[in-house]
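Listed below, chain by chain, are the residues.
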Amino acid sequence: MQLNRRSVRRLALYVAAWLVTAIPAALLIFFNSSTTIAVASHDTAVSPTTDGWVTIHTGPYLPDLRYPTDSRVGVDLNLGKTEAKSAEETVQRYAFIASQPDAQVDLVREAVRDLAWDAALQGALLGTIPLLVWGLVGPRRRRELWGETTPRRILVGVVAVALVGGMTTLLTARPWRPEDRLQNDTGDWETLAQYLPELAVPQSAARVEVQVSATTAESKKLLLSAVDTYDRSQRFYTAALTAAEAVELRQPEAGETVAVIVSDRHDNIGMDPVIRKVADRAGATAIIDAGDDTSTGEPWEAFSLDSLEREFHDFDRYAIQGNHDHGTFVQGYLGDRGWKTAQEDIFDGPGGMRMIARNDPRSSGLGTWRDAQGKTTADVDTEVAEKACSADDRVNLVLVHDDDMAKSALDQGCTDLVVSGHVHVRIGPEKVVGSNGQTGYAFTSGTSGGAAYAIAVGSKLRRPAQFAFLTIRDGRPSGIQAVTLETNGVFKVDEFTPLGYGGSGAL
């Protein structure tokens, strides 16, 4: 049945009344909302603004910075607590992260998008208040109050009730609270080129502006150092990306799967897009991460995991924790994003391999010590051997951080391949004939972040960055090809090493 003209007009008035409340309510809530996320190794308060700038309030070490969004919507980032031990360490970390900003930009964009959706939902709900009140009053009471109902009187009544909804919105958002007001910028802003005339500012940072009202000579020195680190880091890794386009690798044949092996990244987000570029050239579709993605395993290092996830989100992803990842944060963060992490049972890995994965039970910080946390590597070694050797079907891959945690399984001939990291030096693949006559291999990946000890953050590699490609055929590892990016930016690609299990041509 078609609606008559009067019903259509009434419906239109109801929709208009809803919009009159819902849209202003959503906007008011959105621009007075905030959330806290981990950005640039800080707990950061994120607040939308209407000034069209991304403004970073850095705290006591540096002047505030801002960058245009090229839209009416901006965002305030108030950097909170961090685990950095000094101003210099903090500033160098800023510069390095800024040279590879995509993962952090995506994180902030997602946070603002979530705030927008929340505000839209709240606005939509608040927009129903006038209509609910109108409906609760009922037509009889409305006639008693206003006499004969006419479209004009309906509009007046609905708008009046909309004002009630508007007041409810104001009480919900409470923009007058001092602690919720958007920060008002004071002082003058200058471009980096104006603020640092003695420095050749990179083109990519030409639109960055600095608030100069409260700067000191010391903060200017720190900013000079940061820009220099940013420039050198960006030039090094941009050149590495370009060089990666010319890297020649073995291509997978029909029926083969290729997985890139990384280990000991230690927060070096500069290498992530480089490794992904080379992985694409190798035809890889999976990543096997042997741990130590971070230096301390703390939430402030989420920027490193965000970068890893951004570059490999469309791969099949497998990761375990190293001794520097100890705790619940790293595994939980990656697991929530779809990575397959360490577990007690045997599970399916890339290319149909049957796989065991175990975390390192030890705990380390930014030093060389390793504290056992209840369980030892010997305990893990025993557990892995028992699990692998009692399995009905052969285990094809054991992923651990330190090869000591799978030595017994390999020595007893219960697995095809053990992949590990930890020592920051590539070893193997080494052939091991087990006590049962079965052949297996041990492969230790070097540091994919070019790390010295647990530190890889810097303007360029501290030592050669190493990663490798594992080829899988018929559910078994069939070969490894290793790649090294030297500290001078030159790639070295090793010959493909076939892994055989008794046939000719095997290692």
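Along each chain, residue indices are assigned from 1 in the same order as the chain's sequence is written. Since the coordinates come from a predicted model, pLDDT governs what is reported: local features require at least 70, and pairs of side-chain atoms require 80 or more to be given and counted, while whole-chain, interface and lining totals use all residues. For the side-chain quantities, the full set of heavy atoms in the structure was used; hydrogens and water were omitted.

Undergrad: For this particular structure, what's the right way to read the overall build of the protein?
TA: Under the DSSP-based scheme used, a helix requires at least four consecutive residues in state H or I and a strand at least two consecutive residues in state E, with every element numbered from the N terminus. Each helix and strand counted, the protein has eleven helices and 22 strands in total. Three labels apply to residues, based on accessible area from a 1.4 Å probe with only protein chains included: buried if under 20% of the type maximum, exposed if over 50%, partly exposed otherwise in between. Considering the protein as a whole, with its 507 residues, one finds that 49% of them fall into the buried category. Long-range pairs, those at least 24 residues apart, make up 66% of the contacts in the protein with a sequence separation of at least 6. To measure how exposed things are, a 1.4 Å probe is used in the Shrake-Rupley method; for residues, cover is taken only from the protein chains shown. Surface summary for the protein: the accessible area is close to 23400 Å², and the carbon and sulfur share equals 53%. The contact definition used throughout considers only heavy atoms, calling two residues in contact when any of these lie within 4.5 Å.

Undergrad: Looking at this model, I keep getting lost on the pairing of strand S9 (residues 286-289). Mind explaining?
TA: Every regular strand shows the same layout, with side chains that alternate between the two sheet faces. Side chains of S9 alternate between two faces, with Ala286 and Ile288 and Ile287 and Asp289 buried alike. Criterion used throughout: strands pair if DSSP finds at least two bridges between them. Bridge count between strand S8 (residues 256-262) and S9: four bridges; the pairing is parallel. By the bridge assignment, Ile261 is partnered in S9 with Ile288. When the strands point away from the viewer and the path from the first strand over the helix to the second turns clockwise, the crossover is right-handed. Traced from S8 through helix H7 (residues 271-282) to S9, the parallel crossover comes out right-handed. Where S9 lies against strand S10 (residues 316-319), four bridges are found, and the strand directions are parallel. The residue of S10 that forms the bridge with Ile288 is Tyr318.

Undergrad: Please explain the pairing of strand S4 (residues 65-68) as it appears in this structure.
TA: The sheet contact formed by strand S3 (residues 53-57) and S4 spans four bridges and is antiparallel. What sits directly across from Val54, in S4, is Tyr67. Pairing analysis gives two bridges linking S4 to strand S7 (residues 209-211), with the strands arranged antiparallel. Within the sheet, the bridge partner assigned to Leu65 lies in S7 and is Val210.

Undergrad: Whenever I open this one, the nonpolar core confuses me. Can you help?
TA: A general feature of soluble globular proteins is that nonpolar side chains tend to end up buried together. For the purposes of this section, nonpolar cores are sets of buried Ala, Val, Leu, Ile, Met, Phe, Trp, Tyr and Cys residues that join through side-chain atoms within 4.5 Å. Counting 51 residues, the largest nonpolar core has Val260, Met271, Phe467, Phe469, Leu485 and Phe491 as its most contacted members. Counting residues per element, this core draws most heavily on helix H3 (residues 102-146), which supplies seven residues. Contact partners of Leu485, with chain neighbours within four places excluded, come to Phe236, Ala240, Met271, Val274, Leu461, Pro464, Ala465, Val490 and Phe491. By size, the runner-up hydrophobic cluster in this structure holds 24 residues, among which are Ile261, Met355, Leu417 and Phe443.

Undergrad: Please explain the sheet that holds strand S11 (residues 343-348) as it appears in this structure.
TA: Whether parallel or antiparallel, the strands of a sheet pair through hydrogen bonds between backbone atoms. The sheet built from six strands is open, its strands ordered S11-S12-S15-S16-S18-S17 with mixed pairing. Edge positions in the sheet fall to S11 and strand S17 (427-433), since each has one partner strand and no second. In this sheet, adjacent strand axes meet at a mean angle of 20 degrees when their direction is disregarded. As judged from the four bridges shared by strand S16 (residues 415-420) and strand S18 (residues 439-444), these two strands associate in the parallel manner. Of the residues in S18, the one forming a bridge with Leu417 is Tyr441. The axes used here are C-alpha line fits, helices contributing only the stretch in contact, and every angle between their N-to-C directions lies in the interval 0 to 180 degrees.

Undergrad: Would you explain the pattern of salt bridges in this entry?
TA: Two side chains carrying opposite charge are able to pair once their charged atoms lie near each other. A pairing counts as a salt bridge when a side-chain nitrogen of Lys or Arg comes within 4 Å of a carboxyl oxygen of Asp or Glu. Applying the stated criterion across every chain yields a total of 25 salt bridges. The partner of Asp106 in a salt bridge is Arg109, with the nearest N and O atoms 3.2 Å apart. Taken as a pair, Asp106 and Arg109 lie in helix H3 at a separation of three residues, close to a single helical turn. Look at Asp106 and you get partly exposed, because its relative accessible area is 31%. Its relative accessible area of 45% is what places Arg109 among the partly exposed residues. Two residues, Lys387 and Asp345, come together in a salt bridge whose shortest N-O distance is 3.8 Å. With Lys387 in helix H10 (residues 377-389) and Asp345 in strand S11, this pair connects stretches of sequence that are 42 residues apart. Exposure remark for Lys387: the relative accessible area of 29% places this residue in the partly exposed category. Three or more residues joined by partner-sharing salt bridges are found here, namely Asp106, Arg109, Arg310 and Glu311.

Undergrad: Sorry if this is basic, but what is going on with the packing of H7 against helix H8 (residues 302-312) here?
TA: Geometrically, a packed helix pair is captured by the angle between its two axes and the distance between the axes. Where H7 meets H8, the closest approach of the two axes is 9 Å, and the angle between their N-to-C directions is 20 degrees. Taken together, the axes of H7 and H8 are roughly parallel relative to one another. For the element pair H7 and H8, the recorded crossing hand is right-handed. Across the interface between the two elements, Asp272, Pro273, Ile275 and Arg276 from H7 touch Ser304, Ser307, Leu308, Glu311 and Phe312 from H8. Residue polarity follows a fixed list, in which Ala, Val, Leu, Ile, Met, Phe, Trp, Tyr, Cys and Pro are nonpolar, Asp, Glu, Lys and Arg are charged, and the others, Gly among them, are polar. Class assignment for the residues of the contact of H7 with H8 results in four nonpolar, two polar and three charged. Geometric relationships in this document are graded by angle, where less than 35 degrees denotes roughly parallel, more than 145 denotes roughly antiparallel, 65 to 115 denotes roughly perpendicular, and other angles denote oblique. In a left-handed crossing the near helix is turned counterclockwise from the far helix by less than a right angle, and in a right-handed crossing that turn is clockwise.

Remember that the coordinates give geometry; whether it matters functionally is a separate question.
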